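Below, each chain spelled out in residue letters.
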Amino acid sequence: MTRPVVLIAEELSPAALEALAPDFEIRYCNGADRSDLLAQLTEVDALLVRSATTVDAEVIGAAPRLKVIARAGVGLDNVDVRAATAAGVMVVNAPTSTVVSAAELAVGLLLAAARAIVPANIALKRGEWQRSRYTGSEVYDKTVGVLGLGRIGVLVAQRLAAFGMHVLAYDPYVQPGRAAQMGVRLVSLDDLLAESDFISVHLPRTPETLGLIGDAQLHKVKPSVIIVNAARGGIVDEAALYDALCEGRVAGAGLDVYTTEPCTDSPLFALDTVVATPHLGANTEEAQEKAGVAVARSVRLALAGELVPDAVNVQGGVIAEDVRPGIPLTEKLGRIFTVLAGGIAQQLDVEVRGEITQHDVTVLELAALKGVFCDVVEEQVSYVNAPLLAVERGLEVRLVTESECPDHRNLITLRGIRGDGTAVSVSGTLVGIAQRDRLVEVDGFDIEIEPTEHLAFVTYEDRPGMVAAVGTVLGDAQINIAGMQVSRDRRGGQAMVAMAVDSAIPPRIAEQVRAAMAASAVHVVDLVSS
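Here goes a summary of the coordinates provided.

Scanning the protein from N- to C-terminus turns up 17 helices and 22 strands. The buried share among the 530 residues of the protein stands at 50%. For the protein, the proportion of contacts with a sequence separation of at least 24, taken over those separated by at least 6, is 62%. Carbon and sulfur atoms provide 50% of the accessible area of the protein, an area that totals close to 24,700 Å². Taking the average place of the 44 positive charges on the side chains of the protein and the average place of its 68 negative ones, the gap between the two points comes to 2 Å.

In structure tokens, the structure reads:
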């Protein structure tokens, strides 16, 4: 059996490689070398990068087998998530792997700037003993303003509080009560600028945060303030910061990130009051090992067809163990639903009933959509792009949950409207200790049959001899019936025969069945792995 190909475009920790081996074929390239990267992508199932590899639409388009892009780190500035989503490619990162390292670096930059550690170190190594020149300031009993109370911002606030600092924070998405539990006072941005002796930035780079600390804001701060940015370049306007430092409106700065990287030539670097590092926030052995191992595990899940908790472009989150067996069943229901509907329906309700509704069942909506589209669109369908396909094709989707389920422990029903306005539905459940798939309703008819690889559903007028008729046609075609059930709405009314067969039923044989039974509908479903 051919092993999935994993392309590693940048150096990862030995622990990450160990987490991948031996189940994958590991290949390497220089992700910073565009031509080398593009040349390697043809047979790649997973691409692992750090920050030096740009993964844009061209890269994604050059990898027809690509299923997952894994960024061994927190940020995704170098990955075109929109293009990946459109192509059905999962994007994962390691959101918690580097938070401690990044927080510690921010604290280190703050202390280094407060005590003039870097210029004093350089001067001493030049043979200069200048104690009086490098007088710093204590952080004890000072006020620090933390911009952003995400994972890293919280860690920084906790560590600086331990230094005896008063912690303010600006974060419009955090409730005051939560901040108060951490001993942090939430304030407006203007109040934070006016009150803080130190400011530490921990916001993502977005259109809203780009240039958030610009010239106007730097006219509102204390002249003794020290500003630290170890989050993302561009949040602090570097030109405005340089002017403020030169004019004495800001006392110092600690910078690990820059608007354009790599950055080796900035006017800020000439100032003794600036401590600058080359984006070292995640550069610790511990962080790199945690990031590499985390994304390796995510790649394993993604290539196994599982949802990944750290995926950034997939709805849903951690999948409860009680929900997980329903995923493949729901995907099969989606494929059957599309056949019954005669194509893409106008509307789809994914109804989930029973005990599993005590858990998050969002994943079942994704599984249904993946099944609905996988046999009728040309592109690869995944949990990532299935919702996008629904939007593009005008399919209205709704997830309906109900804890009560009188006839089954759990029941999943896909119900919708065909293009001609008629209703279509299919239901399934899981039975026994082994949790085996069962179809229990098709288009309003009560049945119970295992959804094997090859199925057929024939709707006809209830009358004697119909089972014999379908058996004769399929027997003459050497198609063996593995299981069969007949259901009817009333005696002499409409009936359905549901069959599991050992091989696919060709269109001409399906037409013969229709003619032999004077059937109103013959639906043939092939559930061979897509």
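What follows picks up the thread again.
So, on to helix α14 (residues 362-374). In a regular helix each residue adds 1.5 Å, so 13 residues correspond to 18 Å; α14 covers 19 Å between its end C-alpha atoms and thus fits that length. For α14, the set of buried residues is Val363, Leu364, Glu365, Leu366, Ala367, Ala368, Leu369, Lys370, Gly371, Val372, Phe373 and Cys374. Tucked into the core, α14 has its buried residues touching α13 (326-341), β13 (347-354), α15 (386-392), β14 (396-402) and β15 (410-417).

Under the counting rule described, the total for this entry stands at 1 aromatic pair. Pairing tyrosine 258 with phenylalanine 269 gives two aromatic rings, centres 5.7 Å apart and planes at 90°, and the pair type is edge-to-face. Note that tyrosine 258 is positioned in the loop between β11 (252-255) and β12 (274-276) and phenylalanine 269 in the loop between β11 and β12, a separation of 11 residues in sequence. Among the residues examined, tyrosine 258 registers a relative accessible area of 5% and is labelled buried.

Inspection of the secondary structure assignment puts alanine 62 in the loop between α3 (57-61) and β4 (68-71). A sequence separation of 23 residues divides alanine 62 from alanine 39, and the C-alpha atoms of the two residues are 8.5 Å apart. Ignoring any residue separated from it by four or fewer positions in sequence, one finds alanine 62 in contact with Leu38, Leu41 and Thr42.

Two pairing modes exist for strands in a sheet, parallel and antiparallel, and in both the strands are linked by backbone hydrogen bonds. With antiparallel pairing, the 4 strands of this open sheet are ordered in space as β20-β21-β19-β22. Each of the sheet's edge strands pairs with one partner strand only, and the pair in question is β20 (481-488) and β22 (521-526). Across the sheet, the mean angle separating the axes of adjacent strands is 15° when strand polarity is ignored. Pairing of strand β19 (residues 454-461) with β22 involves 6 bridges; the strand directions are antiparallel. In the strand pairing of β22, alanine 456 is matched with valine 524. Of the strands in this sheet, β19 and β22 are in contact with α13, which crosses β22 at around 150°.

On to the sheet that holds strand β8 (residues 185-186), then. The 7 strands lie next to each other as β8-β7-β6-β9-β10-β11-β12, forming an open sheet whose pairing is parallel. The outermost strands of the open sheet, each flanked by one partner alone, are β8 and β12. Those strands touched by helix α5 (residues 99-114) are β6 (143-147), β9 (198-201), β10 (226-229), β11 and β12, and its axis lies near 150° from that of β10.

On the surface, a cluster of negative charge is contributed by Glu104, Glu285, Glu286 and Glu289. Broken down by element, the negative patch gets its largest block of residues, 3 residues, from helix α12 (residues 285-303). Structurally, the position occupied by glutamate 285 is in helix α12. Looking at glutamate 285, the relative accessible area reads 70%, which means it is exposed.

So, on to unusual backbone geometry. Residue proline 262 is bonded to the preceding glutamate 261 through a cis peptide linkage, with omega at 0°. When you line up the elements, proline 262 lands in the loop between β11 and β12. Within the chain, aspartate 141 stands out as a residue other than glycine whose phi angle is a positive 65°. Looking at where aspartate 141 falls in the secondary structure, it is placed in the loop between α6 (117-125) and β6. Under the relative-accessibility criterion, aspartate 141 is labelled partly exposed at 46%. You will see that alanine 518, though not glycine, has its phi angle at about 50°, which is positive. With respect to the helices and strands, the residue alanine 518 is situated in the loop between α17 (507-517) and β22.

It is worth spelling out the pairing of β15 at this point. The element β15 is extensively covered by neighbouring structure, given that 6 of its 8 residues are classed as buried. Note: β13 against β15, 8 bridges, orientation antiparallel. Paired with arginine 353 across the strands is leucine 411, a residue of β15. Note that β15 and strand β16 (residues 423-431) share 6 bridges and pair antiparallel. By the bridge assignment for β16, threonine 413 is matched with serine 427. The antiparallel hairpin formed by β15 and β16 contains 5 residues in its connecting segment, where glycine 421 sits at a positive phi of about 90°.

Rules of the game
Residues numbered from 1 in each chain as written. Predicted model: local features only at pLDDT ≥ 70, side-chain atom pairs only at ≥ 80, totals over all residues. Heavy atoms only, no water. Helix = DSSP H or I, 4+ residues; strand = E, 2+ residues; numbered from the N terminus. Buried < 20%, exposed > 50% of the residue type's maximum accessible area, 1.4 Å probe, protein only. Contact = heavy atoms within 4.5 Å. Areas by Shrake-Rupley, 256 points an atom, 1.4 Å probe, with all protein chains shown as cover. Lys, Arg positive; Asp, Glu negative; His and termini not counted. Charge placed at Lys NZ, Arg CZ, Asp CG, Glu CD. Expected span 1.5 Å × (residues − 1). Phe/Tyr/Trp six-rings, centres within 6.5 Å; stacked < 30°, edge-to-face > 60°. Pairing = 2+ DSSP bridges. Axes fitted to C-alpha atoms, helices over the stretch in contact; angles between N-to-C directions. Patch = residues over 30% accessible without salt bridge, like charges linked within 9 Å, V, L, I, M, F, W, Y side chains within 5 Å. Salt bridge = Lys/Arg side-chain N within 4 Å of Asp/Glu carboxyl O.

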